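Each chain, letter by letter, is given below.
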Amino acid sequence: MFPLWKAVLSESLLGCISWSLYHALPPMIYYFPLQTLSLTGLEVFAVAFFSPIFLIIGPFWRLANNKYILALLRLTVVGSLASYQAPNASIRLFILAAGVSSSLLVQTVTWWSGNSLQRFIRIWGFMVGKIMLLVLRIWYTSLNPVWSSKAANTVILTLGFIAVVERIYSGGDKKKQEANKTGNAVRETVSHPHWLLSGIAFGSLMFLTLWIFGEVSLISRWAVSGHPCTGPDPNPYGGTVLLGLAHGLMLPFWSWSSVTSFAWFLVGLASSAGLLYLHTWSAAVAGNILAVFTMSMWPQLAGRFVSCLHPGKAMTTAMFAYVLELFFCVWCTAYKFVPGGIYARESSHLLLGFIMLCIGVDFLTGPKKDLSSIFEVKSNQKTLFKKSKNYIKLLLWLFVGVGLLGLGLRYKTYQKKLGQGVPKRDFSAMIWPFRFGYDNEGWSNLEGSANLLNQTGADFITIIESDASKPFIGNNDPTMWLGERLGFYTDFGPSTRDHTGIMVLSRYPIVKSTHHLLPSPEGEIAPAISMTVNFTGKLVDFVVAHFGNEEEDLDRKLQAIAVSNLLKTSSQQVVFLGYITSAPGSRDYTELIKNGNVQDIDSTDHDRWCSYIMYRGVIRLGYARISHAGLSDSEVQMAKFRIPDHLDSYVDNDRIVTDPSQVPEDIHFNPRFGSYKDGHNYEHIHHFHMSTPKYFKQTN
């Protein structure tokens, strides 16, 4: 009994590690073209996913089945987690690629070799490992602890080595594999000759699980809309996604799962369409149904997959489909910066449709056998199979319980933090291009970002380049992470299914908001949000926007007109924070100022290009630019304002001073960032620069 329990636990942990590697390599590859906004050639490291192609060759298959080589590959898989502690991004990428390729070799060999019970537990361990990873990410607020904490990385690395040693010496790898010849283990079960179809379906299922269910908060970001009817918040409603995924895995175990295959596939197909085209709660419900459907496919398709007579061909085909779909996902969003991207522009519906078609064809045409029925065909270990199933169920629901507990504790803590903003007339607003949560060295910048944002003391923050929900960026939710860490109200939009999004953090409640996709007939997608914030009884409107790339003149012209209309129709008190890829005094800048009826926070600052702060109906108090110190590739800009008591009789401050002693201390920017500085700050610290901070007062 105890060895069987250890086997289930060890394989689940190793499955979680494999999933972590598959999650980590695409963002690491994407980091380099993100720096240059063009392909770099390092995309070739994606070939790590094609390592099973070597197993098509007989001598390589026999070599990989050798107990010493298999042990070495297992140790390489776990050891590659140490890439997080590598000195630079290039070395990290190389180690990660080695880990991914080794993991797929191990996966192929162990899924097709050994006795039926061993193979059954290994494959189920990979599926339960996915749930384990989701639970870990819940406790780390959507981040994978392996890639976000050195302490957690070291702990999981240690546990991984223990699990590998347990597998090597327990008998799973100790004795000679029972299938040194390709297909011997397959013939012990039910053979399935269609490796091409099964491979494409399995790879598509794996990508679907990564893309939409890489983290439990992602469904909420697909379904999100503006306040007050935003749809379900990621926390606590991410718990319903976790439950849906777990119930999907349980369907093959329960008698009520005998619904006809075609009807169940139609349900899955309808739920995928609902997630794409419905809104808020309706889309979220569809997403939860899709979660059940997706995980219910795993035992079905995995059973057919490992019944194929050609393991190397099957796994290579699966990875080819997986990588192809991953690259298409990149092309859907980054279409402006990749060759042929215009043909894939915003085509996620085609990608999801293709994935569902691949899954459906194999599900409907293949043999109606799941993992249990396939491996028990000629097995005389019925009792051990029954015990292993019980352990798998127990471990699965134990993970789910731990995940729900984590969500509950996080939710309780977050609710206590909200609403701590004190009543005041003055407020500060800030804009920062975040670059998807990665610093200039390729590491997660969330901890540093939280510290920076907290030190600025900003009351309203907009962070652009913040939609990190894509599988090639990290499958995480920085809006939720920063909101919970700082105790801020949040908004994110447009939804991630629209291929873009802006993050907003507010110390004060958001009364209403509307998400916009600005006109972009030729260039990259341009998001915007218009909203109203309640500063303890005083309502102020905000418009935040991220214009497209500078090369597309028509796009910028149309976007400036659209945003100026939003400003024009806002209330008398409005603040604009935007990234508009135009110089001060340019056509687009003038469009916003004149037709939007707003003023620049500092019209004398001519050395700007992208980030701008403009306002109407409030009194400007201060303006600062803070260097990025390598935390991103762009500086922070922030401004301080006062809400006037009487809109019809207030006077704005028109005099600029740089000596903070000439203004009240309570409107000073944080001296932690130093003092006034001309020109750029090139030191690796956050410091005022570019002739700021400046303060504003009335001319005597």
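Before any of the text, the structure's been laid out above.
Residues numbered from 1 in each chain as written. Predicted model: local features only at pLDDT ≥ 70, side-chain atom pairs only at ≥ 80, totals over all residues. Heavy atoms only, no water.

Further remarks concern the pattern of salt bridges. Under the definition given, this model contains 21 salt bridges. Residue Arg 167 is joined to Glu 11 by a salt bridge in which the shortest nitrogen-to-oxygen separation is 3.5 Å. Here Arg 167 is found in helix 6 (residues 150-170), whereas its partner Glu 11 is found in helix 1 (residues 2-36), with 156 residues between them in sequence. Summarising the burial analysis for this pair, Arg 167 and Glu 11 share the class buried. Linking Arg 608 and Asp 600 is a salt bridge whose minimum nitrogen-to-oxygen distance equals 2.5 Å. Note on accessibility: Arg 608 and Asp 600 belong to one class, buried. Each of Asp 600, Asp 605, Arg 608, Arg 625 and Glu 635 takes part in one network of salt bridges that share partners. (Salt bridge = Lys/Arg side-chain N within 4 Å of Asp/Glu carboxyl O. Helix = DSSP H or I, 4+ residues; strand = E, 2+ residues; numbered from the N terminus. Buried < 20%, exposed > 50% of the residue type's maximum accessible area, 1.4 Å probe, protein only.)

Time to look at the sheet that holds strand 6 (residues 526-535). Sheet architecture is open: six strands sit in the order 5-6-7-8-10-9, paired in mixed fashion. Whereas interior strands pair on both sides, the edge strands pair on one side only; in this sheet they are strand 5 (510-518) and strand 9 (599-600). Pairing analysis gives eight bridges linking strand 5 to strand 6, with the strands arranged antiparallel. From the neighbouring strand, Ile 510 faces strand 6, where its bridge partner is Val 533. Contacts between helix 20 (residues 587-595) and the sheet are confined to strand 8 (574-579), strand 9 and strand 10 (611-616), with strand 10 contributing the most and set at about 15 degrees to the helix. (Pairing = 2+ DSSP bridges. Contact = heavy atoms within 4.5 Å. Axes fitted to C-alpha atoms, helices over the stretch in contact; angles between N-to-C directions.)

This part covers the packing of aromatic side chains. Summed over the entire model, instances satisfying the criterion amount to 38 aromatic pairs. Aromatic side chains Phe 49 and Tyr 322 sit 5.3 Å apart centroid to centroid with 50 degrees between the ring planes, which places their arrangement in the tilted category. You can see Phe 49 sitting in the loop between helix 1 and helix 2 (58-65) and its partner Tyr 322 sitting in helix 13 (residues 311-333), a full 273 residues away along the chain. Relative to Phe 641, the ring of Phe 427 has its centre 5.6 Å away and its plane inclined at 35 degrees; by these criteria the two rings are tilted. Here Phe 641 lies in strand 12 (residues 636-642) and Phe 427 lies in strand 1 (residues 426-433), a separation of 214 residues in the sequence. For Phe 427, a relative accessible area of 2% corresponds to the buried category. Classification of Phe 641 as buried rests on a relative accessible area of 0%. Across from the ring centre of Phe 669, 5.2 Å away, lies the NZ or CZ of Lys 640, which sits over that ring. (Phe/Tyr/Trp six-rings, centres within 6.5 Å; stacked < 30°, edge-to-face > 60°. Lys NZ or Arg CZ within 6 Å of the ring centre and 35° of its normal.)

Two packed helices can be described by the angle between their axes and the distance between those axes. Viewed as axis vectors pointing N to C, helix 17 (residues 446-456) and helix 18 (residues 478-486) meet at an angle of 50 degrees, and their least axial separation amounts to 10 Å. One element, helix 17, and the other, helix 18, form an angle in the oblique class. Seen from above, helix 17 lies across helix 18 with right-handed handedness. Two secondary-structure elements touch here, helix 17 through Leu 446, Glu 447, Ala 450, Leu 453 and Asn 454 and helix 18 through Pro 478, Trp 481, Leu 482, Arg 485 and Leu 486. (Parallel < 35°, antiparallel > 145°, perpendicular 65-115°, else oblique. Left-handed = near helix turned anticlockwise from the far one by under 90°.)

Ile 131, Ile 212 and Trp 298 are the most contacted members of the largest nonpolar core, which has 136 residues in total. Dropping the residues within four chain positions of it, Ile 212 is found in contact with Leu 218, Ile 219, Trp 222, Leu 275, Leu 290 and Leu 352. Judged by nonpolar contacts, the second largest core, of 31 residues, contains Ala 450, Ile 619, Phe 669 and Phe 673. (Core = buried A, V, L, I, M, F, W, Y, C linked by side-chain atoms within 4.5 Å.)

An order of 3-4-2-1-12-11-14-13 is seen for the eight strands of this open sheet, with the pairing classed as mixed. Each of the sheet's edge strands pairs with one partner strand only, and the pair in question is strand 3 (489-493) and strand 13 (655-657). The mean angle between the axes of side-by-side strands here comes to 15 degrees, regardless of whether they run parallel or antiparallel. In this sheet, strand 12 lies alongside strand 11 (residues 619-626) in antiparallel orientation, the contact comprising seven bridges. In the sheet register, Tyr 623 faces strand 12, and the bridge partner there is Ala 639.

Below, the discussion takes up the environment of His 668. Topologically, His 668 is positioned in the loop between strand 13 and strand 14 (694-697). When its relative accessible area of 24% is taken as the criterion, His 668 is described as partly exposed. Separated by 336 residues in the primary sequence, His 668 and Cys 332 place their C-alpha atoms 44 Å from one another. Ignoring any residue separated from it by four or fewer positions in sequence, one finds His 668 in contact with Lys 640, Pro 660, Ser 661, Val 663 and Tyr 695.

Before going further, it helps to examine the pairing of strand 14. Burial of strand 14 is two-sided: the residues Lys 694 and Phe 696 facing one way and the residues Tyr 695 and Lys 697 facing the other way are all buried. Sheet topology note: the strand 11/strand 14 ladder contains two bridges and is antiparallel. Of the residues in strand 14, the one forming a bridge with Gly 622 is Tyr 695. Alignment of strand 13 against strand 14, held across three bridges, turns out to be antiparallel. Paired with Ile 656 across the strands is Phe 696, a residue of strand 14.

Moving on, we get to the environment of Ile 626. Among the secondary structure elements, Ile 626 is positioned in strand 11. Considered as a pair, Ile 626 and Thr 456 are 170 residues apart in the sequence and their alpha carbons are 9.4 Å apart. The contact partners of Ile 626, leaving out residues within four places of it in the chain, are Thr 456, Glu 635, Val 636, Met 638, Phe 673, His 686, His 687, Phe 688 and His 689.

Owing to its 3.6 residues per turn, the α-helix aligns residues three or four sequence positions apart on the same side. Between its first and last C-alpha, helix 11 (residues 261-277) extends 24 Å over 17 residues, near the 24 Å set by a 1.5 Å rise per residue. Within helix 11, burial applies to Ser 261, Trp 264, Phe 265, Gly 268, Ser 271, Ser 272, Gly 274, Leu 275 and Leu 276. Tucked inside the fold, the buried residues of helix 11 contact helix 8 (195-213), helix 9 (218-223), helix 12 (280-305) and helix 14 (348-365). (Expected span 1.5 Å × (residues − 1).)

Functional significance is not addressed by these values, which are geometric in nature.
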